[in-house]
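Structure at a glance
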Amino acid sequence: MRRREFIALVGNATAWPFAARAQQTGVPVIGFLSSRSPGESEAVVSAFRQGLGEAGYIAGQNIAIEYRWAEGYYDRLPALAAELIGLRVAMIFAAGGPPSALAAKAATSSIPIVFSAVPDPVRLGLVASLGRPGGNVTGMSTFTADLEAKEVELLKELLPTIKTLVYLVNPTNPSGKLEAEAAATAGGAAGIKVQVLNAGTESDLESVFESWPNPDALIVAGEPFFDSQRSRIVALVARHATPAMYSWRENVALGGLISYGSSITDSYRKAGAYAGRILKGEKPADLPVMQPTKFDLTINLKTAKTLGISIPPTLLARADEVVE
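Now for a quick tour of the structure. Just so you know, these numbers come straight off a predicted model, no measurement behind them.

Reading the values: the criteria
- Residues numbered from 1 in each chain as written.
- Predicted model: local features only at pLDDT ≥ 70, side-chain atom pairs only at ≥ 80, totals over all residues.
- Heavy atoms only, no water.
- Pairing = 2+ DSSP bridges.
- Helix = DSSP H or I, 4+ residues; strand = E, 2+ residues; numbered from the N terminus.
- Axes fitted to C-alpha atoms, helices over the stretch in contact; angles between N-to-C directions.
- Contact = heavy atoms within 4.5 Å.
- Core = buried A, V, L, I, M, F, W, Y, C linked by side-chain atoms within 4.5 Å.
- Buried < 20%, exposed > 50% of the residue type's maximum accessible area, 1.4 Å probe, protein only.
- Arc of directions from axis to C-beta.
- Phe/Tyr/Trp six-rings, centres within 6.5 Å; stacked < 30°, edge-to-face > 60°.
- Left-handed = near helix turned anticlockwise from the far one by under 90°.
- Nonpolar A, V, L, I, M, F, W, Y, C, P; charged D, E, K, R; others polar.

1. Thoughts on the sheet that holds strand β4 (residues 113-118)
- The strand order β2-β1-β3-β4-β5 describes an open sheet built from five strands, whose pairing is parallel. Looking at strand neighbours, the two that pair on one side only are β2 (64-69) and β5 (137-141), the edges of this open sheet. If you compare each strand with its neighbour and ignore which way they point, the axes differ by 20° on average.
- Pairing between β4 and β5: four bridges, direction parallel. Of the residues in β5, the one forming a bridge with F115 is G139.

2. Thoughts on the side chain of T108
- If you trace the backbone, T108 turns up in the loop between α5 (98-107) and β4.
- Excluding its chain neighbours within four sequence positions, the residues that come into contact with T108 are I85, I92, I113 and N136.

3. Topic: the nonpolar core
- If you look at the biggest cluster of nonpolar residues, it comprises 71 residues, and the most contacted ones within it are F115, L168 and F226.
- In terms of residue count, the dominant contributor to this core is strand β6 (residues 164-169) (five residues).
- I30, F32, Y57 and W69 belong to the second largest nonpolar core, which has 29 residues in total.

4. Here we look at helix α7 (residues 174-189)
- Buried within α7 we find S175, G176, L178, E179, A180, A183, A186 and G187.
- Residues of α7 that are buried in the fold lie against α5, α6 (148-158), β6 and β7 (193-198).
- G191 lies just past α7 and shows a positive phi near 75°.

5. Notes on the environment of Y67
- Mapped onto the fold, Y67 is located in strand β2.
- Counting along the chain gives 89 residues from Y67 to K156, while the straight-line C-alpha distance between them is 42 Å.

6. So, helix α4 (residues 77-86)
- Listed as buried for α4 are L77, L80, A81 and L84. Taken down its axis, α4 places every buried residue within 100° of arc, on the same side.
- Its buried side turned inward, α4 meets β1 (29-34), β2 and α5.
- Once α4 finishes, R88 follows within two positions and takes phi at roughly 55°, a positive value.

7. Quick notes on the packing of aromatic side chains
- Tallying each qualifying case throughout the model produces ten aromatic pairs.
- Summarising the aromatic geometry, the rings of F32 and F93 are spaced 5.2 Å apart at their centres and angled 65° between planes, so their arrangement reads as edge-to-face. In this pair, F32 sits in strand β1 while F93 sits in strand β3 (residues 91-95), placing the two residues 61 residues apart along the sequence. As far as the burial class goes, F32 and F93 line up, both buried.
- Between the aromatic rings of Y260 and F295, the centroid separation amounts to 6.3 Å while the plane-to-plane angle is 25°, which identifies the pairing as stacked. Of the two residues, Y260 is situated in strand β10 (residues 258-261) and F295 in the loop between α12 (264-279) and β11 (296-300); the sequence distance between them amounts to 35 residues.
- Three or more aromatic residues joined by ring pairs make a cluster, and in this case those are F32, F48, Y67, W69, F93 and Y268.

8. What about the pairing of β2?
- With six of its six residues buried, β2 lies for the most part within the structure.
- Side chains A64, E66 and R68 of β2 all project onto a buried face; the interleaved residues I65, Y67 and W69 project onto the opposite face, where all are buried too.
- By the bridge criterion, six bridges tie β1 to β2 in an arrangement that is parallel. For V29, the partnering residue across the bridge sits in β2 and is A64.

9. Brief notes about the packing of helix α3 (residues 42-54) against α12
- At a minimum axis separation of 6 Å, α3 and α12 run at an interaxial angle of 35°. You can see that α3 and α12 cross each other, and the crossing is right-handed. Taken together, the residues of α12 that come into contact with α3 (itself represented by A43, V44, A47, F48, Q50, G51, L52 and E54) are I264, T265, Y268, R269, A271, G272, A273, A275 and G276.
- Its residues placed into classes, the contact of α3 with α12 shows ten nonpolar, five polar and two charged.

Shown next, in the form of structure tokens:
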């Protein structure tokens, strides 16, 4: 499928006549509620549909999907969730982290909800516990807040003389505070001064980098809005020649220096498989929140060379992927 066709397919308008006829034909409809944008979500949408396929559901055949995109504007999510509920969807897939998951949960206590990529669903109030979620919500967790100490450790190994660090976070994401606190704690333990900078809009991003404090390094939170601005962020960081750590390998593939975290596409695939199980009759309350079991270290050697950084052989040997 060509990229232009994909974007048209998952746009806010009804994607194809099959979805509009689904209620009359008895085909279940999944409401795909995303805080992200269709143009940069091709890989994760494909992963979600792959997971559905593993459960025996093929979009356009025995399942329909209605897409709604907030495009980084989280205040749009409640209205978009209400739209999907008005369509009497069989379930809601809350894509793009805590903002969409919390909006979906606030909108309904009866329609099943599956989320992807939520750092700490218990502390955020989405589920009662990881093992027994209770209620109508379950999904795939990430450990982005818990990985901050590891990311700081890797930066210290990469840059032994590091003294200052900027942590870039979106203050409109409820998980942002948890991650910023974890980064500050990890930095303090390593003798690094951490400055938290906030960006929740495109203009905020521009302002942050216009008044850049020139730290020794940067950590970019694993955040849906930042995912939708991935290319811009990598370019802004490059303009200031700042070594940067990311949560997702996709940033490193675009020219970022280093990343450490789980696979975001795998999170969506597993969430798709959970959605399929729920459509077959299982209850979200009985499905444990899934957690990642593998965390990958990705390094971009070309970017390191541009920055004049020599990657320690011990760090390079541990890399799961090296971009050259």
